[in-house]
Amino acid sequence: MGLFGVGSTNSSSRPVIEARGTHPSAPIPVQGPPIGQGVRATLGDSGLQVFPFIVGGAEFGWRVDLESSHAILDTYLEAGGNAVHTSDSFAGGRSEHIIGQWVHSRGLRDDLVLAVRIGANPDHPGLGPVNLIRAVEASLTRLRTDRIDLLYLDGTVDRGTALEDALATVEWLIDSGKVGSLGAFALTAPQLVEARILSSAGLPRVTALDVPYNLLRRTEFEGDLRLVAGAQGIVVTPSHALEHGFLAGRHRSRAGAGTSVRGSQLAASMNRRGTRTLRALDALAAELAVTDAAVALAWLLAQKTVVAPIVNVFSPAHVEELVQGVGVKLGRSQLAELARATV
């Protein structure tokens, strides 16, 4: 069965031929594009159309090897997905290498939206004109492509470069065809206001905002940042949608989380508030016959300005869980239950 309850297509698009002697009651092979291919959301003024769940490549080249990464991406594609996010700093650039190999080997470049976060690679740190151009060129080489559809400027490393200079560099990158549209990561509300003023003078406009946001991590976005994004029509593609995997419900004890960096991140959510949240997710997941991860994703999609969460995926089965969340529509009472649990 496919991820939307129908059979997926053969990767070579050849018709499925039934063997002679097939029992009359056997399922009829389903052909044609996956149902998810028709599910698209518009990324603001960029005009890009994306599946409402973007595969994040932070695990690729780190905890997930090349073969497994390609299996994840194949599963996502078969579900109708079309948007992949990575960063020039993920696994020292190995994430981009892996994604680039997959896109090239499948011949999919024109069918995908590639979103790349730039600014934190130690070889080309920051958003200064020279490093920004070099970082984009290096990403294009690793991704084996001539363009980045959505470029996120990462403001975590460089607080010294003037925003006007960074936007002027992006303007050159867009004019040269190397970048399609502009997004932002770790920019403050005042910086977004400044960016809007600069865009009125002709510089590129920020169309998408990547900010850590989920059921347990809300204060960073639910304030001035959300007000500014909403007022400017900036769509939100939140990262950390599952709070380092905690909201998937697989890890519920500190002993089971381990002592790694990821274990420490999980352990930070293992408190009374985290336990209440998981119980609420468990109840709704049982009611809707989906997983906790699907409910957590559905909650994000129910928030104003959120268009397509970015989720770092570690297995094909994980993709299937998250795709379920795209089809879940939470009612007011269900949203209220989750809100009470996270107080």
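Scroll up a little and you will see the structure.
Everything quoted here is computed from the prediction, not taken from an experiment.

S.K.: Help me understand unusual backbone geometry in this model?
M.R.: Most peptide bonds take the trans form, and the phi angle of most residues other than glycine is negative. Backbone geometry at Ala-186 places phi at a positive 65°, although glycine is not the residue there. Residue placement: Ala-186 occurs in the loop between strand S7 (179–185) and helix H5 (189–200). For His-240, which is not glycine, the phi dihedral falls at a positive 55°. Here His-240 shows up in the loop between strand S9 (235–236) and helix H7 (254–257).

S.K.: Looking at this structure, I do not really get the environment of Ser-239. What am I missing?
M.R.: Within the secondary structure, Ser-239 sits in the loop between S9 and H7. A relative accessible area of 7% means that Ser-239 is categorised as buried. Apart from the residues within four sequence positions on either side, Ser-239 is in contact with Arg-117, Phe-185, Asp-210, Val-211, Pro-212, Tyr-213 and Ile-310. Within the structure, Ser-239 has its side chain in polar contact with the side chain of Asp-210 (distance 2.7 Å).

S.K.: Help me understand the packing of aromatic side chains in this model?
M.R.: How two aromatic rings sit relative to each other is set out by the distance from centre to centre and by the angle between their planes. A complete count under the given rule lists five aromatic pairs for this structure. Ring geometry for Phe-51 against Phe-53: centres 6.5 Å apart, planes inclined by 55°, an arrangement best described as tilted. The exposure class of Phe-51 is buried, given its relative accessible area of 0%. Aromatic side chains Phe-51 and Tyr-76 sit 6.1 Å apart centroid to centroid with 75° between the ring planes, which places their arrangement in the edge-to-face category. Of the two residues, Phe-51 is situated in the loop between strand S2 (49–50) and strand S3 (54–56) and Tyr-76 in helix H1 (residues 66–78); the sequence distance between them amounts to 25 residues. Looking at Tyr-76, the relative accessible area reads 1%, which means it is buried. Here the aromatic cluster, defined as three or more aromatic residues joined through ring pairs, consists of Phe-51, Phe-53 and Tyr-76. Positioned above the aromatic ring of Trp-62 is the side chain of Arg-63, whose terminal nitrogen or guanidinium carbon lies 5.9 Å from the ring centre. Cation over ring: Arg-117 sits above Phe-185, and NZ or CZ is 3.7 Å from the ring centre.

S.K.: Would you mind going over H5 with me for this structure?
M.R.: In an α-helix, one turn spans 3.6 residues, which is why side chains three or four residues apart end up on the same side. With 12 residues, H5 extends 17 Å between its outermost C-alpha atoms, agreeing within 8% with the 16 Å of an ideal straight helix rising 1.5 Å per residue. Turning to H5, its buried residues are Ala-189, Leu-192, Ala-195, Leu-198 and Ser-199. Those residues of H5 that are buried lie in contact with helix H4 (163–175), strand S8 (206–210) and helix H6 (224–232). Gly-202 sits one or two positions beyond H5 and adopts a positive phi of about 110°.

S.K.: I'm lost on the packing of helix H9 (residues 272–288) against helix H12 (residues 332–341) in this one. Help?
M.R.: Pairs of packed helices are described in terms of their axes, by the angle between the two and the distance that separates them. H12 packs onto H9 with a crossing angle of 160° between their chain directions and a minimal axis gap of 8 Å. One finds that H9 runs roughly antiparallel with respect to H12. In the crossing of H9 with H12, the sense of the turn from one axis to the other is right-handed. Contact residues: Arg-273, Arg-276, Thr-277, Ala-280, Leu-281, Leu-284, Glu-287 and Leu-288 in H9; Gln-334, Glu-337, Leu-338 and Ala-341 in H12.

S.K.: Looking at this structure, I do not really get H9. What am I missing?
M.R.: With 17 residues, H9 extends 24 Å from end C-alpha to end C-alpha; this agrees with the ideal 24 Å at 1.5 Å per step. Residues Gly-274, Thr-277, Leu-278, Ala-280, Leu-281, Leu-284 and Ala-285 constitute the buried set of H9. For H9, the angular spread of the buried residues around the axis is 165°, confining them to a single face. Turned more than 90 degrees off the buried face of H9, the exposed positions are Arg-272, Arg-279, Ala-286 and Glu-287. Next to the buried residues of H9 lie helix H10 (292–301) and H12. Just downstream of H9 lies Ala-289, where phi reads positive at about 60°.

S.K.: Would you take a moment to explain the packing of H1 against helix H11 (residues 316–326) for this structure?
M.R.: Relative orientation of the contacting elements H1 and H11 amounts to 30°, with a least axis distance of 8 Å. Considering the angle they form, H1 stands roughly parallel to H11. Crossing handedness for the pair H1 and H11: right-handed. Residues Ala-71, Ile-72, Thr-75 and Tyr-76 of H1 form the contact with H11, whose own contacting residues are Pro-316, Val-319 and Glu-320.

S.K.: For this particular structure, what's the right way to read the nonpolar core?
M.R.: Generally speaking, a soluble globular protein has its nonpolar side chains buried in company with each other. Ranked by size, the top nonpolar core spans 101 residues in total, and within it Phe-53, Val-136, Leu-151, Leu-153, Leu-209 and Leu-338 carry the most contacts. Per-element accounting of this core gives the leading share, eight residues, to H10. When residues no more than four places from it in sequence are discounted, the contact partners of Phe-53 are Tyr-76, Leu-297, Ala-308, Pro-309, Val-311, Val-313, Val-319, Leu-322, Val-323 and Val-326.

S.K.: Explain the sheet that holds strand S6 (residues 148–154) to me, please; I cannot follow it from the model alone.
M.R.: Note on sheets: strands pair through backbone hydrogen bonds, and any given pair is parallel or antiparallel. Taken together, eight strands build an open sheet; the order of strands is S9-S8-S7-S6-S5-S4-S3-S10 and the sheet is parallel. A single partner strand is all that each edge strand has here, and the edge strands are S9 and strand S10 (310–312). Pairing of S3 with S10, which is carried by three bridges, proceeds in the parallel orientation. Opposite Gly-56, over in S10, you have Asn-312 as the bridge partner.

Definitions and limits used
Residues numbered from 1 in each chain as written. Predicted model: local features only at pLDDT ≥ 70, side-chain atom pairs only at ≥ 80, totals over all residues. Heavy atoms only, no water. Helix = DSSP H or I, 4+ residues; strand = E, 2+ residues; numbered from the N terminus. Buried < 20%, exposed > 50% of the residue type's maximum accessible area, 1.4 Å probe, protein only. Contact = heavy atoms within 4.5 Å. Polar contact = N/O pair within 3.5 Å; in protein donor to acceptor, adjacent residues only side chain to side chain. Phe/Tyr/Trp six-rings, centres within 6.5 Å; stacked < 30°, edge-to-face > 60°. Lys NZ or Arg CZ within 6 Å of the ring centre and 35° of its normal. Expected span 1.5 Å × (residues − 1). Axes fitted to C-alpha atoms, helices over the stretch in contact; angles between N-to-C directions. Parallel < 35°, antiparallel > 145°, perpendicular 65-115°, else oblique. Left-handed = near helix turned anticlockwise from the far one by under 90°. Arc of directions from axis to C-beta. Core = buried A, V, L, I, M, F, W, Y, C linked by side-chain atoms within 4.5 Å. Pairing = 2+ DSSP bridges.

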